[in-house]
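# Examining the three-dimensional arrangement
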Amino acid sequence: MGTGHKDGSAGATRQLDAVVIGAGFAGLCALYKFRDVLGLEVQVYETGNGVGGTWYWNRYPGARCDSESFYYCFSFDDDLAQEWEWSGKYPEQPEIERYLNHVADRFDLRRDIQLATRVTHARFDDATNRWEVRTEHGECVSAQFLVTAVGCLSAANLPDIPGRDSFEGELCHTARWPSDGIDFTGKRVGLIGTGSTGIQAAPVIASEADHLTVFQRTPNFSVPARHAAFAPEDQAEIKKDYAEIFRLTRESPAGFPYFPIDRSTHDVSADEREEILEGLWEEGGFKFLWGGFNDLLLDPAANEIASEFVRNKIRETVKDPETAELLCPKCHPYGSKRPPIDTDYYETFNRDNVSLVDLKTTPIEEITPTGLRTSSAEYAFDVLVFATGFDAMTGSLLRIDIEGAGGVRLADSWAEGPRSFLGLQVAGFPNLFTITGPGSPSVLVNMPVAIEHHVDWIADCIQHMQREGKTRVETTASAQEAWVEHVAEVSTYSLLGRANSWYVGANIPGKPRVVAPYAGGQPLYRERCEAVVNSDYEGLEFGG
Ligand code: N01
């Protein structure tokens, strides 16, 4: 389809079929599918100096996957799945980055990826039905389709704490970790944040530093990962069953190769319940969330039983009862904040060189040149680590100035919170597709599974347009409205919106409170996406 030149030289604007923003899991998958399967001319722009997205940026100590390696990967190519060897259940960041680099090489993707290039603007031209895309380097290209593969958790949130820039030691956000690392030996370290990242980082920092002080605003429920290396026979077993494993990931509620058990918490006796919860705890990982009782995220009373089970595990593990109580979440249901899984997180608080500060009772007042001052004490640090998360779901999209039909800006369209059709298209923004956009299950599903589903759906839609000779596709305002209402309604049945979490934008001051991911589960979502295709794309309008 494409007619453009690739050298970016002066003269006619380069004409592309698609621009993809981002070269993480989503961008790599999209490039492969659009270029090698559909035959489109595609340019990928990536801000980082390497491919990998999340797995390029998040190099903090302890960074590792918390879904199991053998299904936190691509399923689109059998040979790829058979060839790649994972070292164990939960690989560390460098291994996943190596995997994504292998994918880039294996499918010769690099020639169409421009690294170290941030897309700053994208403007839709109504007259030509094309996007004009500009980069930080002043390049401008024209593309029929704009596909965002920017990640749900990539716009780092560095809270504007008074005095932050006066700190004279080393200050670093976990999602912008220096590539040569930080040497904690002999250092006094302050760690702000106890989400999945802080919980992964704390044990590793504590094992290296002179002293680690963890600043906790909200305690979190964490379940042990129970990481283990794979033996050769484990890999062989997995590979024998790969087709079935991938099928289950596509059919299960959250993209894992298992389902919740078909009983509710109240269907079983107290003893049996304890036995089941104990079994899930011993097995470790996300099964505690997605493979347990089927009412865990629906029924507050059922949830409280699981929550108390985890609290008791914390009390058993942490020797100092006061610290243990501070670590026990009491103000939100288990799973309403994205629960971490960990390796020795609670055990870390039994070390002599680790202390915990409760920011609920003693909030941070300022960062000083030498450390940090709370309402009750002053702390001196050599290194301050911000594990303070992300402007999730919308941040990475809204940091690009996206202007749709009639000059409407995405930031204005979403001023009251994100609005989309299926999390894939936005009314008023023709030919824009948002991979794992807000309004889709995205972060509530094992991400590579959610990504491959979206890339396939978008590719099918583009093929449909090619067949019909159409150059423009846009969701209708009414289809979008109905979907936004459905997403909001479904979220009322789930406990997911109950906490002040990034799921609802509560971690970013001033952000509208909206449950951004679709909480109806993967099967229902896929059914809706398929129904759109089968109804000749009801909810979308084609033109050109
Ligand atoms: O970020 P978070 P994260 N003052 O937002 C605290 C994925 N992930 O980077 O809870 C003091 O969860 C904040 O406190 P509170 C995963 O989906 C995956 O840890 O808002 N504290 C919280 O404790 C995860 O959910 C992997 O009260 C402040 C913490 O900082 C998502 O990324 C690994 C503060 C932020 O927690 C985000 O996790 C890691 C302030 N001003 C992450 N602002 C995998 O392995 C924020 N906090 C796949």
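Structure: see above.
For clarity, every value in this text was computed on a predicted model and none was experimentally measured.

## Re the overall build of the chain
Check the secondary structure of the chain and you find 17 helices and 20 strands. Relative to its length of 544 residues, the chain is compact, with a C-alpha radius of gyration of 23 Å against a globular reference of 24 Å. Counting only residues that meet the buried cut, the chain has 58% of its 544 residues in that class. With an accessible surface of roughly 21600 Å², the chain has 48% of that area assigned to carbon and sulfur atoms. Here the chain carries 49 positive and 81 negative side-chain charges, and the mean point of each set is 2 Å from the other.

## With respect to helix 1 (residues 25–37)
Each α-helix winds once per 3.6 residues, and so residues spaced three or four apart point in a common direction. Relative to the 18 Å expected for 13 residues at 1.5 Å per residue, helix 1 spans 17 Å between its end C-alpha atoms, a close match to the ideal helical length. Of all 13 residues that make up helix 1, ten are buried, and the element is covered over most of its length. Restricting attention to buried positions, one finds in helix 1 the residues Phe25, Ala26, Gly27, Leu28, Cys29, Ala30, Leu31, Tyr32, Phe34 and Arg35. Residue Gly39 follows helix 1 closely and has a positive phi angle near 80 degrees.

## A closer look at the site of the ligand
Every one of the 23 residues lining the ligand counts as a neighbour, but Arg64, Thr194, Thr197, Arg217 and Thr218 are closest to it. Backbone polar atom of Arg64 to an oxygen atom of the ligand: 2.6 Å apart, as the coordinates give it. Arg217 is positioned with one of its side-chain polar atoms (N or O) 2.9 Å from an oxygen atom of the ligand. Protein burial of the ligand: of its 910 Å² of free accessible surface, 88% is covered by the chains. The dominant element in the shell around the ligand, judged by the number of residues it contributes, is helix 5 (residues 196–208), at three residues. Of the residues in the shell around the ligand, the class split is nine nonpolar, nine polar and five charged.

## Remarks on the pattern of salt bridges
Side-chain pairs of opposite charge can arise where the charged atoms are in close proximity. For the structure shown, the criterion picks out 38 salt bridges. Ionic contacts of the salt-bridge type, sharing partners, join the residues Glu304, Glu308, Arg311, Arg315, Glu325 and Lys330 into one network.

## Describing the sheet that holds strand 14 (residues 371–374)
One open sheet accounts for three strands, arranged 13-14-15; its pairing is antiparallel. The outermost strands of the open sheet, each flanked by one partner alone, are strand 13 (364–368) and strand 15 (378–380). Sheet twist, expressed as the mean angle between neighbouring strand axes with direction ignored, is 20 degrees.

## Considering the pairing of strand 8 (residues 188–192)
Burial analysis of strand 8 places four of its five residues in the buried class, which makes it a mostly covered element. Inspection of the sheet shows strand 8 paired to strand 9 (residues 211–216) by five bridges, in the parallel sense. Note that in strand 9 the partner of Ile192 across the bridge is Phe215. With helix 5 bridging strand 8 and the parallel strand 9, this β-α-β connection has right-handed handedness. Bridge count between strand 8 and strand 16 (residues 383–386): four bridges; the pairing is parallel. Each bridged residue has a counterpart across the sheet, and for Gly190 the counterpart in strand 16 is Leu384.

The rules behind the values
Residues numbered from 1 in each chain as written. Predicted model: local features only at pLDDT ≥ 70, side-chain atom pairs only at ≥ 80, totals over all residues. Heavy atoms only, no water. Helix = DSSP H or I, 4+ residues; strand = E, 2+ residues; numbered from the N terminus. Rg over C-alpha atoms; globule rule 2.2 N^0.38 Å. Buried < 20%, exposed > 50% of the residue type's maximum accessible area, 1.4 Å probe, protein only. Areas by Shrake-Rupley, 256 points an atom, 1.4 Å probe, with all protein chains shown as cover. Lys, Arg positive; Asp, Glu negative; His and termini not counted. Charge placed at Lys NZ, Arg CZ, Asp CG, Glu CD. Expected span 1.5 Å × (residues − 1). Near = heavy atom within 4 Å. Polar contact = N/O pair within 3.5 Å; in protein donor to acceptor, adjacent residues only side chain to side chain. Nonpolar A, V, L, I, M, F, W, Y, C, P; charged D, E, K, R; others polar. Salt bridge = Lys/Arg side-chain N within 4 Å of Asp/Glu carboxyl O. Pairing = 2+ DSSP bridges. Axes fitted to C-alpha atoms, helices over the stretch in contact; angles between N-to-C directions. Right-handed = clockwise from strand over helix to strand, strands pointing away.

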